[in-house]
Amino acid sequence: MPESVDPDPRPYGRRAFLGVVALGLTSLWWGEPAWRRLSAVVGPATAGLPGFDALPSLTGGWRIYSVSWPMPQFDPETWRLKISGLVERKLELTFADVRALPRAEQTSNFHCVTGWTVEDVRWTGVRLQDLIGASRPLPTAKAIAFVSAEYPYVDTLTLEQAFLPDTMLAYEMDGKPLTRPHGAPARIVIPQMYGYKGVKWVNEILLTEDVFDGYWEKRGYDRDAWLDHSNGYG
């Protein structure tokens, strides 16, 4: 089960996260060479904190976070989206298969639990009902786990949350295919919750009996990250 993918469930919450962000490294996207040059300076401040193997940065209003390095690479020839768990029919979809599903578009705001927002983001993708419908979920399926290619990132939503009218698996942002830092080829978008619920680099979806603590919940964040109803840090 995905609960076991995280080898280090120590409680790191919003205060630790904000403390590192306060270093102010938000002027540009830092690649691996820059990270190596700066690691001697910021390493002591981030040592032992999962979630800071790559530096946060500011690109077009976005701060990009990664919990492991390097970020996953997308190869359209080999990428597959697996759908399994409590289903009658397991699926393995190509990127073309995903794009062939009914297309959904929306414009919504993106809110990070650390306090920043990007307004009017245009997302294109597929509603989760359309994505998992062909797998024929069993009556015992009450939640969905989204597994990222960025090991060990995983998070869950109830079926009710996953089927909200503005929740989707997105493959385009602002009219262009998702880039690598934004989770290419596909990421979860749930505007009514903080961004840590929006799993990037999704490559597996599991139908489960119940939700469980994901990567950041194991480090102190709320399981239900509703805007205005959660401060992220539980």
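Coordinates for the structure precede this section.
Given the structure is predicted, the values throughout are model-derived calculations rather than measurements.

### A short note on the packing of aromatic side chains
- Counting across every chain of the model gives 12 aromatic pairs.
- Seen in terms of ring centroids, Trp62 and Trp116 are 6.0 Å apart; in terms of plane orientation they differ by 75 degrees. Their pairing is edge-to-face. Placement of the pair is Trp62 in strand 2 (residues 62-63) and Trp116 in the loop between strand 5 (104-111) and strand 6 (117-127), with a sequence separation of 54 residues. Here Trp62 matches Trp116 in class, with each residue buried.
- On the basis of an interplanar angle of 85 degrees and a centroid distance of 6.2 Å, the ring pair of Phe74 and Trp79 is categorised as edge-to-face.
- An aromatic cluster is defined as three or more aromatic residues linked by ring pairs; in this entry it consists of Tyr153, Tyr196, Tyr215, Trp216 and Tyr221.
- Arg219 extends its terminal NZ or CZ atom over the ring of Tyr215, reaching a point 3.9 Å from the ring centre.

### Some words on the environment of Met173
- As for its position among the elements, Met173 is in strand 9 (residues 168-173).
- The class for Met173 is buried, based on a relative accessible area of 13%.
- The contacts of Met173, once residues within four sequence positions are left out, are Trp62, Val121, Arg122, Trp123, Leu178 and His182.

### A word on the pairing of strand 8 (residues 154-158)
- With four of five residues buried, strand 8 lies mostly within the body of the structure.
- Note that strand 7 (residues 143-148) and strand 8 share five bridges and pair antiparallel. Bridged to Ala145 within strand 8 is Thr156.
- Here strand 7 folds back onto strand 8, and the loop between the two strands holds five residues.

### Looking at unusual backbone geometry
- Residue Pro70 is reached from Trp69 by a cis peptide bond, and omega for that bond is 0 degrees.
- The omega torsion across Tyr151 and Pro152 is 5 degrees, close enough to zero to call that bond cis.
- Position of Pro152 relative to the elements: it lies in the loop between strand 7 and strand 8.
- One non-glycine residue with positive phi stands out, namely Trp201, at about 55 degrees.
- Assignment of secondary structure puts Trp201 in the loop between strand 11 (187-189) and strand 12 (202-208).

### Looking at the nonpolar core
- Ranked by size, the top nonpolar core spans 39 residues in total, and within it Leu81, Leu131, Leu169, Ile205 and Leu207 carry the most contacts.
- Elements that contribute at least two residues to this core include exactly strand 3 (81-85), strand 4 (91-93), helix 3 (95-100), helix 4 (128-132), strand 7, helix 5 (159-162), strand 9 and strand 12.
- Ignoring sequence-local partners within four residues, the contact set of Leu81 consists of Leu91, Glu92, Leu93, Val98, Leu131, Leu169, Val202, Asn203, Glu204 and Ile205.
- Within the second largest apolar cluster, 16 residues are counted, among which are Ile64, Tyr65, Met168 and Ala184.

### Some details on empty space enclosed by the protein
- Applying the stated criterion to the full structure yields two cavities of 30 Å³ or more.
- Considering only enclosed or pocket space, the largest cavity measures out at about 360 Å³ in volume.
- Tallied by class, residues from the lining of the largest cavity come to 15 nonpolar, five polar and four charged.
- Its boundaries defined by the atoms lining it, the second largest cavity holds a volume of some 100 Å³.
- Secondary structure elements with two or more residues in the lining of the second largest cavity: strand 5 and strand 11.
- For the lining of the second largest cavity, the residue count by class is eight nonpolar, four polar and one charged.

What counts, and at which threshold
- Residues numbered from 1 in each chain as written.
- Predicted model: local features only at pLDDT ≥ 70, side-chain atom pairs only at ≥ 80, totals over all residues.
- Heavy atoms only, no water.
- Phe/Tyr/Trp six-rings, centres within 6.5 Å; stacked < 30°, edge-to-face > 60°.
- Helix = DSSP H or I, 4+ residues; strand = E, 2+ residues; numbered from the N terminus.
- Buried < 20%, exposed > 50% of the residue type's maximum accessible area, 1.4 Å probe, protein only.
- Lys NZ or Arg CZ within 6 Å of the ring centre and 35° of its normal.
- Contact = heavy atoms within 4.5 Å.
- Pairing = 2+ DSSP bridges.
- Core = buried A, V, L, I, M, F, W, Y, C linked by side-chain atoms within 4.5 Å.
- 1 Å grid on protein atoms, 1.4 Å probe; cavity = no way out; pocket = protein on both sides within 12 Å on 5 of 7 lines; lining within 4 Å.
- Points joined across faces, edges and corners; volume = space filled by probe spheres on them.
- Nonpolar A, V, L, I, M, F, W, Y, C, P; charged D, E, K, R; others polar.

Without other data, these values stay purely geometric and don't point to any function.
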